[in-house]
Amino acid sequence: MTQYVPPSPCDLDDEYYWDFVTFSARGRLFRVPKYRLISESEHFANKYALDGDSGSEIEYGTVEDPHLNAVKLDDVSADEFRSFLKAVYPKVVHCDLALSKDEWLSVLKLSTRWLFNNLRKKAIEELACSDLGPIEKIQLGKEYNIEAWLLSGCSDLVSREPVISIEDAEKIDWKVAINLYIIRDGVKTDPLADVHTIDDQVRNAFSTDFERIRSSQSLYLTADEKLGEIREEEERKREVEKRKREVEEPKALATSRFLLGSNSRPPADSSSPAVDTARLSKASSPTLGGEEDKGGAKSDGTSKESAKDTLRARDEERRVRKAMKVAKKKAKAAAKNVEETRTSDIERPSIPEPAEQNAKSEAASENLLVDISLTPTPAYTARSPTARRPPLAERLSKIAPSTWPPVPTTSATGDKPINSPVSSFWS
């Protein structure tokens, strides 16, 4: 008779040789495979050390000692954990889970606590289709961090006709009930209030709760949602890099054009189609002695000389541009200095004293008697704009004779003066 030989550890299948784990929910034992619990929630696997080495029947307890190494769940009832396992390990795979409202509430409670996020999302979708009242929505929304339920429950209590009863106020907390009463009174007195207005007032009244819920949403992201966020972040980074390149490339191109000279030709090389045609024609044409260009060495030397001449021409052009800019700045500075000098040289005429002014007026009136026709007219000379205006006495001295008043000389008969500058005046 052939003796049975048990398989060695190397014959164990990686996918369908499952490890089992035993849980004790308030004295009730549950034995299930570990793989779903580990794959669905890393937090749960780390908390209860399920991600260690592969176990055996003896490691997780036997029939004689079922509580040996069982995972204790003292804060979870047997009914709650059974409902949770129905969702994790459904007996019928190709059908929807037929769980009651209370069972889905147990699934929501434990999946939120242990971060089974896919299961939590499924429970929220199933409960949203059930007959949850506004009081339940407020309670569940605050307890399990569901923003939509908290907002919907508060808005329903504000907009409905029946008032908030004492029993309802005790369930949702008195502070919440008082804030909802205040919003109700404001909505009744405002004829333009609509659903959006009520939602805004609810968000403002319970801003602390909504902020706490938003800050905790990152804990409940599913694997697909995390992957979607990673892709969105990568897409945003690519968009930022694209816009950055669109801004920097024109600047770099403009800088390169400025450095190379926008009006000069690009450097002649083997890959550039722009070649110095004058030098090529000169190289291809026969020389003065009738000899033509021979070999490739001379052609290479010509191209190198052409490149050097081009670089020298660009350097010279840049120096000329720089010198022109400096000359323009100096010209502007000189024009500015001339304008300032002209303004400072033009002085306002001083106002003479009354006595001096009267004396000058009398002298001017006496000078009117001078025969102007005998006085030679000085030649006109253009006065510089910056020249100072001479005083009045100096100008009058040029018009009047050097001696004043004139001494008249009479004739032998003594009837009228002769040889006088004003003789013509008396004739």
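Calculation criteria
Residues numbered from 1 in each chain as written. Predicted model: local features only at pLDDT ≥ 70, side-chain atom pairs only at ≥ 80, totals over all residues. Heavy atoms only, no water. Helix = DSSP H or I, 4+ residues; strand = E, 2+ residues; numbered from the N terminus. Buried < 20%, exposed > 50% of the residue type's maximum accessible area, 1.4 Å probe, protein only. Contact = heavy atoms within 4.5 Å. Areas by Shrake-Rupley, 256 points an atom, 1.4 Å probe, with all protein chains shown as cover. Salt bridge = Lys/Arg side-chain N within 4 Å of Asp/Glu carboxyl O. Pairing = 2+ DSSP bridges. Axes fitted to C-alpha atoms, helices over the stretch in contact; angles between N-to-C directions. Parallel < 35°, antiparallel > 145°, perpendicular 65-115°, else oblique. Nonpolar A, V, L, I, M, F, W, Y, C, P; charged D, E, K, R; others polar. Core = buried A, V, L, I, M, F, W, Y, C linked by side-chain atoms within 4.5 Å. Patch = residues over 30% accessible without salt bridge, like charges linked within 9 Å, V, L, I, M, F, W, Y side chains within 5 Å.

Asks: When you look at the overall build of the protein chain in this model, what are you seeing that I'm missing?
Replies: When helices and strands are tallied, the protein chain shows 17 helices and five strands. The proportion of buried residues among the 427 residues of the protein chain is 24%. For the protein chain, the share of sequence-separated contacts (at least 6 apart) that also reach a separation of at least 24 residues comes to 59%. In the structure as shown, the protein chain presents an accessible area of about 31400 Å², 56% of it carried by carbon and sulfur atoms.

Asks: It is not clear to me how the pattern of salt bridges should be interpreted in this structure. Could you clarify?
Replies: One side chain can pair with another of opposite charge once the charged atoms of both are near each other. Tallying each qualifying case throughout the model produces 19 salt bridges. The partner of Glu126 in a salt bridge is Lys122, with the nearest N and O atoms 3.3 Å apart. A residue pair is termed a helical-turn pair when its members lie 3 or 4 positions apart in one helix, as Glu126 and Lys122 do in helix 5 (residues 117-128) at four residues. We note a salt bridge from Glu239 to Arg243, for which the minimum N-O separation is 3.5 Å. Within this pair, Glu239 and its partner Arg243 are both found in helix 12 (residues 223-260), separated by four residues, close to a single helical turn.

Asks: Where do I start with the sheet that holds strand 3 (residues 71-72) in this structure?
Replies: Strand-to-strand pairing in sheets goes through backbone hydrogen bonds, with the strands running parallel or antiparallel. The strand order 2-1-3 describes an open sheet built from three strands, whose pairing is mixed. In the strand order of this sheet, the two ends are held by strand 2 (28-33) and strand 3, each with one partner. The sheet contact formed by strand 1 (residues 20-25) and strand 3 spans two bridges and is parallel. Along strand 3, the bridge assignment pairs Phe23 with Val71. Against the sheet, helix 3 (residues 78-88) contacts strand 1 and strand 2, and its axis sits at roughly 15 degrees relative to strand 2.

Asks: Explain the packing of helix 10 (residues 195-205) against helix 11 (residues 207-215) to me, please; I cannot follow it from the model alone.
Replies: When two helices pack together, their arrangement is given by the angle between the helix axes and by the axis-to-axis distance. It is at 5 Å that the axes of helix 10 and helix 11 come closest, and there the two elements cross at 85 degrees. Of the possible angle classes, the one that applies to helix 10 and helix 11 is roughly perpendicular. Contact with helix 10, carried on its side by Val202, Arg203, Asn204 and Ala205, involves Ser207, Phe210 and Arg214 of helix 11 and no other residues of that element. Across the contact of helix 10 with helix 11, the residue classes break down as three nonpolar, two polar and two charged.

Asks: Looking at this structure, how should I read the nonpolar core?
Replies: Buried together is how nonpolar side chains tend to be arranged in soluble globular proteins. In terms of nonpolar packing, the biggest core is built from 36 residues, with Phe23, Leu37, Leu50, Phe81, Phe84 and Trp114 touching the most fellow members. Contributing elements (two or more residues each) for this core: strand 1, strand 2, helix 2 (42-47), helix 3, helix 4 (101-114), helix 5 and helix 6 (134-144). No other element matches helix 3, which puts six residues into this core. Dropping the residues within four chain positions of it, Phe23 is found in contact with Arg28, Leu29, Phe30, Val32, Leu37, Phe44, Leu50, Val71, Leu73 and Phe81.

Asks: What should I look at first to understand a nonpolar patch on the surface in this one?
Replies: A contiguous nonpolar patch, built from Tyr16, Trp18, Phe20 and Tyr35 and spanning about 440 Å² of accessible area, is present on the exposed surface. On the secondary structure map, Tyr35 appears in helix 1 (residues 35-40).

Asks: Quick question: what am I supposed to make of the packing of helix 7 (residues 147-159) against helix 11 here?
Replies: Running from N to C, helix 7 and helix 11 cross one another at 160 degrees; their axes reach a closest spacing of 10 Å. Between helix 7 and helix 11, the angle is such that the two are roughly antiparallel. Each of Glu147, Leu150 and Leu151 in helix 7 lies in contact with helix 11, whose residues at this interface are Asp209, Phe210, Ile213 and Arg214. Class assignment for the residues of the contact of helix 7 with helix 11 results in four nonpolar, no polar and three charged.

These figures capture arrangement, not role.
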